[in-house]
Amino acid sequence: MNLDDYRGIWVYLEVREGRIAPVSLELLGAGRQMADKRGVPLAGLLIGDGVTELAQTVFPYGADQVYVYDDRIFADYRTESYMRAVIECVQKHKPEILLYGATSTGKDLASAVATDLETGLTADTTMLDVNAETGLLEASRPAFGGNIMATILCKKHRPQMATVRPKVMKAMEPDFTRTGEVIRESIQLAEEDIRTKVLKVVRETREKVRLDEADVIVAGGKGLGSKEGFALIHRFAEAIGATVGASRDAVEAGWIDHAHQVGQTGVTVTPKIYFAIGISGAIQHLVGMRNAGLIVAINKDPNAPIFQACHYGIVGDAFEIVPLLMEAFQKEPDREVTYG
């Protein structure tokens, strides 16, 4: 493999309900910075059925080019068909870096592509950078149980690949005067060549926790002591109209469902206000909430790492402090509170 043959940064553009997924726009923002640093173009890779028009929607977010596979055979996501398109396009145009959102689709596709191309893949990356001279992707993520941040390099293979969780990166402010080039691609692939068939798509109908969309989150950790103690978080959240979050320790203790977990093994959130109550501040939790607009921490331990990451910190017993906060809100029940 001649590494000098590979040039340019790509983002796999995931389509969700007829639109480009927000995580793909976020990755274009990160990709734009790296492409400018390297002096190379930024391209999107778009696969689907009836998706060509969507290519125009990503140019305002930083893309210079979009490679498009638009065919009925890509109507439903299937690993085999999408993988074939990605591999063919990569082998034809040779990007040096290819980024995917760490969604169920992105993680499935990226791992399959990495296996067949025999290249490296860093999963659940939380920080991205590129060496301007060597072109090495510096993909960082928590390791060893979250005790350190590991920066992973892929020195001998191309393309360098990484999956990045939603809400970790920030999309560019769209510039609707930007234009780009749409490059139509095709692949010789028949339905009988694909072993898997989509018989029916069943969408989950039960109500889900929308932590990633919440403006205000009240999150509790092991410092609350018990499931009964964690009930304080629910009462506080209800009092201020917030969504309930939790650390991994609280979830593993059975105090609350995993859907409420914030962090590396949970949900990445970007609320306007984040209350961290009884949470020590392990790195795997911090990577999930560090981009909140305002972080308020309450903890009895003055040396808790969370105080290094918050905007305001209160050292004390949550069972004394939180009721006082609730009382302060309840004194002015008719007052309109604007967050942000």
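Our subject is the structure that appears above.
Cut-offs applied
Along each chain, the written sequence defines residue order, and numbers are assigned to residues from 1. Residue-level local features of this predicted model are given only where pLDDT is at least 70; pairs of side-chain atoms are given and counted only at 80 or more, and the full residue set underlies all totals for whole chains, interfaces and linings. Values shown for side chains rest on all heavy atoms present in the structure; no hydrogens or waters enter the calculation. Nonpolar cores are built from buried Ala, Val, Leu, Ile, Met, Phe, Trp, Tyr and Cys residues. Side-chain atoms within 4.5 Å join them into one set. Partly exposed residues are those whose accessible area sits between 20% and 50% of the maximum for their type, while under 20% is buried and over 50% is exposed, using a 1.4 Å probe and protein chains only. The secondary structure listing takes helices from DSSP runs of H or I that are at least 4 residues long and strands from runs of E that are at least 2 residues long, numbered from the N terminus. Contacts are residue-level and defined by heavy atoms, with any inter-residue pair within 4.5 Å sufficient. We call two strands paired when DSSP finds no fewer than two bridges between them. Axis definition: a line fitted to C-alpha atoms, over the contacting stretch in the case of helices. Angles run 0 to 180 degrees between N-to-C directions. Here a polar contact means two N or O atoms within 3.5 Å. Within protein one must be a hydrogen donor candidate and the other an acceptor candidate, and residues neighboring in sequence count only if both atoms are side-chain atoms. Each angle is binned into one of four classes, with values under 35 degrees roughly parallel, values over 145 roughly antiparallel, values of 65 to 115 roughly perpendicular, and all other values oblique. Should the near helix be turned anticlockwise from the far one by less than a right angle, the crossing is left-handed, and should it be turned clockwise, the crossing is right-handed. Charged residues are taken to be Asp, Glu, Lys and Arg, nonpolar residues to be Ala, Val, Leu, Ile, Met, Phe, Trp, Tyr, Cys and Pro, and polar residues to be all remaining types, Gly included. A pair is scored as a salt bridge if a Lys or Arg side-chain nitrogen falls within 4 Å of a carboxyl oxygen belonging to Asp or Glu. Each residue after the first adds 1.5 Å to the expected span of a helix. This arc is taken over the directions from the axis of the helix to the C-beta atoms.

### What to know about the nonpolar core
Core analysis: the largest hydrophobic core is formed by 32 residues, its most contacted members being Leu13, Leu28, Leu46, Val58, Val66, Leu99 and Leu128. Those elements that provide at least two residues to this core are strand E1 (9-13), helix H1 (22-38), strand E4 (42-48), strand E5 (65-70), strand E6 (97-101), strand E8 (127-130), strand E9 (137-143) and strand E11 (160-164). Residues in contact with Leu28, not counting those within four places in the same chain, are Val11, Leu13, Leu42, Val58, Tyr61 and Ala63. Core analysis: the second largest hydrophobic core is formed by 29 residues, Trp10, Ile47, Tyr82 and Val90 among them.

### Section: the sheet that holds E9
An order of E8-E9-E10 is seen for the three strands of this open sheet, with the pairing classed as antiparallel. Edge positions in the sheet fall to E8 and strand E10 (148-152), since each has one partner strand and no second. Going from strand to strand, the sheet's axes swing by 25° on average, the running direction of each strand aside. Judged from the five bridges that link them, E9 and E10 form a sheet pairing that is antiparallel. Along E10, the bridge assignment pairs Ala143 with Ile148.

### Remarks on the sheet that holds E6
In space, the seven strands of this open sheet follow the order E7-E11-E6-E1-E4-E5-E12, with parallel pairing throughout. The open sheet has two edge strands, strand E7 (121-125) and strand E12 (181-185), and neither has a second partner. Across this sheet, the average inter-strand angle for adjacent strands is 20°, counted without regard to direction. The sheet contact formed by E7 and E11 spans three bridges and is parallel.

### Structural notes on the side chain of Gln261
Relative to the helices and strands, Gln261 resides in the loop between helix H5 (248-252) and strand E15 (273-277). Given a relative accessible area of 3%, Gln261 falls into the buried group. A distance of 2.7 Å separates the side chain of Gln261 from the side chain of Thr265, its partner in a polar contact. With residues near it in sequence (within four places) discarded, Gln261 still touches Leu211, Ala246, Ser247, Arg248, Val251, Gly266 and Val267.

### A word on the packing of helix H4 (residues 227-240) against helix H7 (residues 318-330)
The N-to-C vectors of H4 and H7 enclose an angle of 15°; their axes lie 10 Å apart at closest approach. Put simply, H4 runs roughly parallel to H7. In this structure, H4 meets H7 at a crossing whose hand is left-handed. Between H4 and H7, the contacting residues are Gly229, Leu232, Arg235, Phe236, Ala239 and Ile240 on the first element and Ala318, Phe319, Val322, Pro323, Leu325, Met326, Phe329 and Gln330 on the second. In terms of residue class, the contact of H4 with H7 is built from 11 nonpolar, two polar and one charged.

### What about the pattern of salt bridges?
Between side chains of opposite charge, a pair can form as their charged atoms come close. This structure, assessed with the given rule, holds 13 salt bridges. Here Lys37 ties to Asp129 by a salt bridge, and the two come within 2.9 Å at their closest N and O atoms. Here Lys37 is found in helix H1, whereas its partner Asp129 is found in strand E8, with 92 residues between them in sequence. For Lys37, a relative accessible area of 42% translates into the label partly exposed. Among the residues examined, Asp129 registers a relative accessible area of 31% and is labelled partly exposed.

### Some points on the packing of helix H2 (residues 79-93) against helix H3 (residues 104-117)
Packing of H2 against H3 brings their axes to within 9 Å, and their N-to-C directions diverge by 55°. Classed by the angle they form, the pair H2 and H3 counts as oblique. When the axes of H2 and H3 are compared, the crossing they make is right-handed. Between H2, through Thr79, Tyr82, Met83, Val86, Ile87, Val90 and Gln91, and H3, the contact on the second element is made entirely by Asp108, Leu109, Ala112, Val113, Asp116 and Leu117. Per-class residue counts for the contact of H2 with H3 are nine nonpolar, two polar and two charged.

### Observations concerning H7
For H7, built from 13 residues, the straight-helix expectation of 18 Å at 1.5 Å per residue is met to within 8% by its first-to-last C-alpha distance of 18 Å. For H7, the full list of buried residues reads Ala318, Ile321, Val322 and Met326. Angular distribution of buried residues about the axis of H7 spans 135°; they occupy a single face of the element. Facing away from the buried side of H7 by over 90 degrees, the exposed positions are Glu320, Leu324 and Gln330. Check the buried side of H7 and you find it contacts H4, E15, strand E16 (294-299) and strand E17 (312-315). With a side-chain oxygen lying 2.9 Å from the backbone nitrogen of Phe319, the N-terminal cap of H7 falls on Asp317.

### Points about the side chain of Ser247
Locating Ser247 in the fold gives a position in the loop between strand E14 (243-246) and H5. What makes Ser247 buried here is its relative accessible area of 7%. In contact with Ser247, not counting residues within four places along its chain, are Gly220, Gly221, Lys222, Gln261, Ile279 and His285.

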